[in-house]
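# Per-entry structural report
Read off the chains here:
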Amino acid sequence: MLQLTLAAALLLGSAAPSAHAADRLQRLLDRFIAEEELDGGVLLVSGPDLRRVVVSGIADRRGERPVTEETRFYVASVGKMATAAAVMQQVEEGLLSLDRPVRELAPDLPLGKVANANRARLVHLLDHSSGIPDYITDAYEEDEAAKPERLPRSGALLAYAAGEEATGPVGGHYEYSNSNYVLLGHIAALRDGVPFAQVLRSRVLERAGMGSTTVGADPRDRSLAHGYTEDGDVSRRSWAATTGDGPLVTTAGDLERFVFALFRDNRLLKPETVRRMMTPSENEEGQGLGVALWKDRWGRGVGHDGRYDGFEADVRYYPGRRTALIFLTNGNQQNDEALLDAVAEEVFRR
């Protein structure tokens, strides 16, 4: 890790130190992209004393189109925060209740063969304590690789989880499962009576000012970062994803707007609802309702990360510092080191 500090830039706020801060962040990003053999990435730091966005690498190998601040990345499970925010709005409005059984909220789905689905309640979906098995099975991955555009993009995806064993008792354990958020998106759409993409647009994207964010993406859009693995360009799988477990294609700037709208400015939810989302689960202290929670040397944090073939994202917000750290890339890193750990060290160290 670089033995550098942004303290001067943070304290003085003059043009020269700000430029030095950007240089240090740029070096951190460039080094990480090179060491992890990623195609490209964008890093955003935004707080009361510093806002910087730096980019590195390419968004598309064909023509070597560079990453810019406006490049749009698939952010995988980071989108679960938006799904949770929309559902919690419906809870505030009395359209949903955290204690309501899933079987009553999704009566149109054949959930009888999906373990725990008939016993779980809405809150169990939000904090991953339902025990409902993940729909991302070998059969799903085979079908997705062959024909991603033809897969069902609704609660019908739960058919892939039918016959799989429960991961544990309802409400009595923690096990992360994408099925929970597919169900949440399906339920939110039923409650509003519109497609889930429209639920997110009206309840989250428009309210937060996320004008560069879409649910799914058109492959012809030249603002997109293409995701790569050893199999080449695998982007279409991600761009076709529109269910509640990972629906968003977005920019670092739009995620900044989302984080501040939700956690800082209470423009999406009431303060007491946000506090409920940030209350640790009884089964896992690092899990809230739709958000990950942690405490490190820099304070308490809330956010979410995301990873799928060809894309990774990490979004962190430190309420005590009113600062957001965001990293997006169109590749998959080789080790478990998180770039934002090093970024936090540079930004917060005094």
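Structure: above.
Scope of this entry: the structure provided in the associated data block. In this convention, every chain numbers its residues from 1, walking through the sequence in written order. Given that this is a predicted model, residues contribute local features only at a pLDDT of at least 70 and side-chain atom pairs are listed and counted only at 80 or more, while totals for whole chains, interfaces and linings are drawn from all residues. To obtain the side-chain values, all non-hydrogen atoms of the structure were included, while hydrogens and water were left out.

## Details of helix α8 (residues 196-208)
What sets the pattern is the α-helix's 3.6 residues per turn: residues three or four places apart point alike. Every helix listed is a DSSP run of H or I at least four residues long, and every strand listed is a run of E at least two residues long, numbered separately from the N terminus. Expected helix span is taken as 1.5 Å per residue step, with the number of steps being one fewer than the number of residues. When the terminal C-alpha atoms of α8 are compared, their 17 Å separation across 13 residues agrees well with the 18 Å that a helix rising 1.5 Å per residue should span. Residues of α8 that are buried sit in contact with α3 (80-92), α7 (178-192), β5 (214-215), β8 (248-250) and α10 (252-264). Any pair of residues with heavy atoms lying within 4.5 Å of one another is described as a contacting pair.

## Here's the deal with the pattern of salt bridges
A pairing counts as a salt bridge when a side-chain nitrogen of Lys or Arg comes within 4 Å of a carboxyl oxygen of Asp or Glu. All told, the structure shown has 17 salt bridges when counted by the stated rule. Put simply, Arg51 and Glu256 hold a salt bridge, and the shortest N to O gap is 2.8 Å. With Arg51 in strand β2 (residues 51-60) and Glu256 in helix α10, this residue pair connects regions lying 205 residues apart in the sequence. The buried label goes to any residue with under 20% of its type's maximum accessible area, the exposed label to any with over 50%, and the partly exposed label to all in between, with areas taken from a 1.4 Å probe on protein chains only. Judged by relative accessible area, which is 38%, Arg51 ranks as partly exposed.

## Some thoughts on the packing of aromatic side chains
Put simply, two rings from Phe, Tyr or Trp (the six-membered ring, in Trp's case) pair if the centres are within 6.5 Å, and we call them stacked under 30 degrees between planes, edge-to-face over 60, tilted for the rest. Going through the model one piece at a time under the given rule, you end up with nine aromatic pairs. Between Phe32 and Phe327, the aromatic rings sit 5.6 Å apart at their centres with planes inclined by 90°, giving edge-to-face as the arrangement. Taken as a pair, Phe32 in helix α2 (residues 15-35) and Phe327 in strand β12 (residues 323-329) lie far apart in primary sequence, 295 residues in all. On the basis of relative accessible area, Phe327 is assigned to the buried category, the value being 5%.

Honestly, it's all geometry; don't read function into it.
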